[in-house]
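Chain and residue survey
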Amino acid sequence: MQIREDDLTASDVIALLQEHLRNMHEWSPPESVHALDLERLKQPEITFWTAWENGLLMGCGALKEIDLTHGEIKSMRTPSARRRRGAGRVLLQHIIAVARQRGYRLLSLETGSQPGFEPARKLYESHGFIYCGPFAGYEDDPHSQFMQLRL
């Protein structure tokens, strides 16, 4: 599987992000959806990657710099038709490695608390993420789970 920094212009990448946003709105009330749309993912403090295998888009993920020692994982997604093939794990490992290279001491994320988010929470737990409180402007929300990894 190849991981590459992405410019968010390919139609399959855009379709995956649209699927991501649709699902977030299906599973959470609007005020609890923290997924970024295409334009917000193009902010300079965000680096976006895609995973590819034999020309097929296998997933995506992003890293937002909160400050010089703290990053946030955003937009982790695998297409519904290509789940359970390891793309999420490979992307997460890549993002953690980049966060370490950048000198971050803390890597945080927000994910949903609903059953549909359980596979994501288990993936993060398997890489050492622990549950924590809100960070970087987030507020307590029964639809959100906050996690962090000390690097």
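Residues numbered from 1 in each chain as written. Predicted model: local features only at pLDDT ≥ 70, side-chain atom pairs only at ≥ 80, totals over all residues. Heavy atoms only, no water.

**Comments concerning the sheet that holds strand β6 (residues 130–132)**
Within a sheet, adjacent strands bond to each other through the backbone by hydrogen bonds, running parallel or antiparallel. What the 7 strands build is an open sheet, ordered β1-β2-β3-β4-β5-β7-β6; its pairing is mixed. Both outer strands of the open sheet, β1 (2–5) and β6, are each paired with one neighbouring strand and no more. Strand-to-strand twist across the sheet, computed as the mean angle between neighbouring axes with direction ignored, equals 30 degrees. Pairing between strand β3 (residues 56–67) and strand β4 (residues 70–77): 6 bridges, direction antiparallel. Bridging from a neighbouring strand, Lys64 pairs with Glu72 of β4. Against the sheet, helix α1 (residues 11–27) makes contact with β2 (46–53), β3 and β4, and its axis sits at roughly 95 degrees relative to β4, the strand it touches most. (Pairing = 2+ DSSP bridges. Helix = DSSP H or I, 4+ residues; strand = E, 2+ residues; numbered from the N terminus. Axes fitted to C-alpha atoms, helices over the stretch in contact; angles between N-to-C directions. Contact = heavy atoms within 4.5 Å.)

**Digging into the nonpolar core**
With 21 residues, the main nonpolar core has Leu63, Ile73, Leu92, Leu107, Tyr124 and Phe129 as its most contacted residues. For this core, the secondary structure elements donating two or more residues are β2, β3, β4, α3 (87–101), β5 (106–112), α4 (118–126) and β7 (144–150). Sorting elements by how many residues they give to this core places α3 first, with 7 residues. Setting aside residues up to four positions removed in sequence, Phe129 forms contacts with Ile73, Leu92, Ile96, Leu107, Leu109, Tyr124, Met147, Gln148 and Leu149. Formed by 12 residues, the second largest nonpolar core is a distinct cluster that contains Val13, Leu17, Leu41 and Phe48. (Core = buried A, V, L, I, M, F, W, Y, C linked by side-chain atoms within 4.5 Å. Buried < 20%, exposed > 50% of the residue type's maximum accessible area, 1.4 Å probe, protein only.)

**A closer look at the side chain of Thr50**
Structurally, Thr50 can be placed in strand β2. Exposure remark for Thr50: the relative accessible area of 0% places this residue in the buried category. One polar contact links Thr50 to Trp52, side chain to side chain, over a distance of 2.7 Å. (Polar contact = N/O pair within 3.5 Å; in protein donor to acceptor, adjacent residues only side chain to side chain.)

**Quick word on the pattern of salt bridges**
Scanning the model with the defined rule gives 4 salt bridges in all. For Glu19, the salt bridge is made with Arg77, and the minimal N-O distance between the two is 2.8 Å. Here Arg77 lies in strand β4 and Glu19 lies in helix α1, a separation of 58 residues in the sequence. In this structure Arg77 comes out as buried when scored by relative accessible area, which is 6%. With a shortest N-O distance of 3.5 Å, Lys122 and Glu118 are connected by a salt bridge. Here Glu118 and Lys122 lie together in helix α4, a separation of 4 residues that amounts to about one turn. For Lys122, a relative accessible area of 47% gives the class partly exposed. (Salt bridge = Lys/Arg side-chain N within 4 Å of Asp/Glu carboxyl O.)

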